[in-house]
Structure formats: structure tokens, C-alpha cells
Amino acid sequence: MGVEGTMEYISDFLKQRKRKKKKQMQTVALRVARIDCEGCERKIKHILSGVKGVKSVDVDMKLQKVTVMGYVDPKKVLEAAKSTKKKVELWPYVPYTMVANPYISQAYDKKAPPNMARKVPDTASVNETTVDDSYTIMFSDENPNSCFIM
């Protein structure tokens, strides 16, 4: 293994070390149910700030929203938040303008913040709603008996 083999070994070793990438700065938004008091807020902040890579934790009690910023993995943040014994999920809401049909049954949520709807896949359509077609046909203009019903 002469000098060439040693140099090749060292260069391969250094290349492997450089491949390890640093995590990207991320913002993870969570919906945490029952943030009632400042004690709950403090408990959540304390637990989430202990996760490796967290730079800041912001808790909004009114919206029941927790925002975590840092070099973190969303799954680890979610696991840490679940250790508070509260119902936790990733922030499910997006602005109405981002949803194709904001009033279908999957997207509409009474508990959503103002001007927000639940995030649903684009494959969801109006046909998947809970409205029965027989009621819409009953009151349509094409039905000759509709004035009799009204």
C-alpha cells in the first residue's frame, strides 16, 4: 500500500465526512388542544425548547398554535409535543385562497381561525360532500313539481 494508496484512503475519508449535510432551517407549526393557562404555555415551551436544534418557540393561546423554528426534524418536534399529554397535530389550516373548494365537508371546520380552512388534497371535490343529490334535484328549476313542494 504505498504512498498513493494512503493518499487515496485519506481523500476518500475526507469526502465521506463532507457529505454529511446540515439540516435546513425549518418552521414547524403545531395545533395543540387545550392550552388554557400560562402554566400550559410554559410547559410546552420548556419541552419543545429542549429538542436539539430549536432556536425559538412561539405559543399562541388564542389560536391553540405552537410555532417552532430551528434546525429540527418535524417528526421529532411532534413526538416531543405529544409528551405533554395533550392532543397534538401538525397545523392543519391554510388560507381560504389556497383551497380549491373551501366549503366542502372535508375543508370546512367551525373551529378554524378566521379566513382559514382545513388543508385537503386537490383530489377532493364537491361530489364528495354530505349533500344528497335528491335534495338538490327536488328544488331545481328543471323539476316540474318544485313549485308544488315550495
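Being a predicted model, the structure only gives us computed values, none of them experimental.

Caption draft 1: Geometry of the overall build of the protein. Helix and strand counts for the protein come out as five helices and six strands. For the protein, the α and β elements follow one another from N to C terminus as α-β-α-β-β-α-β-β-β-α-α. For the protein, buried positions account for 29% of its 150 residues. Surface accessibility of the protein: about 11,700 Å² in total, with carbon and sulfur atoms responsible for 54%.

Caption draft 2: View of the sheet that holds strand β3 (residues 65-70). Strand order in the open sheet made by the four strands is β2-β3-β1-β4, with antiparallel pairing throughout. A strand with exactly one partner marks an edge of an open sheet, and here the two such strands are β2 (54-60) and β4 (88-90). For this sheet the average axis-to-axis angle between neighbouring strands, irrespective of direction, equals 25°. Two strands pair when backbone bridges link them, and strand β1 (residues 26-32) and β4 are joined in this way by three bridges, in the antiparallel orientation. Following the sheet pairing, R31 is matched in β4 by E89. Contacts from helix α2 (residues 38-49) reach β1, β2 and β3, with the element oriented near 160° to β2. In the packing of helix α3 (residues 74-82) onto the sheet, contacts are made with β1, β3 and β4, and the angle to β1 comes to roughly 30°.

Caption draft 3: The nonpolar core, seen in detail. L30, V32, I35, I44, L48, V66 and V77 are the most contacted members of the largest nonpolar core, which totals 19 residues. Elements supplying a minimum of two residues to this core: β1, α2, β2, β3 and α3. The element best represented in this core is α3, accounting for four residues. Each residue touching I44, except ones within four places of it in the same chain, is listed here: V32, I35, V59, V66, T84 and K86. Formed by six residues, the second largest nonpolar core is a distinct cluster that contains V99, I104, A107 and V120.

Caption draft 4: Looking closely at a nonpolar patch on the surface. There is a patch of nonpolar side chains on the surface, built from Y9, I10, F13 and L14 and spanning about 420 Å² of accessible area. For F13, the position within the fold is in helix α1 (residues 3-18).

Caption draft 5: Structural detail: α2. Along its 12 residues, α2 runs 16 Å from first to last C-alpha, staying within 8% of the 16 Å computed at 1.5 Å per residue. Elements in contact with the buried residues of α2: β1, β2, β3 and α3.

Caption draft 6: Examining the environment of V57 more closely. Position of V57 relative to the elements: it lies in strand β2. Given a relative accessible area of 17%, V57 falls into the buried group. Not counting the four nearest positions on each side in its chain, V57 is found in contact with K45, L48, S49, V66 and T67.

Caption draft 7: Quick peek at the environment of S49. Relative to the helices and strands, S49 resides in helix α2. Residues S49 and A80, spaced 31 residues apart in sequence, show a C-alpha to C-alpha distance of 9.7 Å. Those residues in contact with S49, other than ones at most four positions away along the chain, are V54 and V57. A distance of 3.1 Å separates a polar side-chain atom of S49 from the backbone oxygen of H46.

Caption draft 8: Up close: the pairing of β2. When β2 meets β3, the two strands line up antiparallel, connected through six bridges. Within the sheet, the bridge partner assigned to S56 lies in β3 and is M69. Where β2 hands over to β3, the hairpin turn is made up of four residues, of which Q64 adopts a positive phi near 60°.

Parameters at a glance
Residues numbered from 1 in each chain as written. Predicted model: local features only at pLDDT ≥ 70, side-chain atom pairs only at ≥ 80, totals over all residues. Heavy atoms only, no water. Helix = DSSP H or I, 4+ residues; strand = E, 2+ residues; numbered from the N terminus. Buried < 20%, exposed > 50% of the residue type's maximum accessible area, 1.4 Å probe, protein only. Areas by Shrake-Rupley, 256 points an atom, 1.4 Å probe, with all protein chains shown as cover. Pairing = 2+ DSSP bridges. Axes fitted to C-alpha atoms, helices over the stretch in contact; angles between N-to-C directions. Contact = heavy atoms within 4.5 Å. Core = buried A, V, L, I, M, F, W, Y, C linked by side-chain atoms within 4.5 Å. Patch = residues over 30% accessible without salt bridge, like charges linked within 9 Å, V, L, I, M, F, W, Y side chains within 5 Å. Salt bridge = Lys/Arg side-chain N within 4 Å of Asp/Glu carboxyl O. Expected span 1.5 Å × (residues − 1). Polar contact = N/O pair within 3.5 Å; in protein donor to acceptor, adjacent residues only side chain to side chain.

By themselves, these observations are geometric and do not establish any function.
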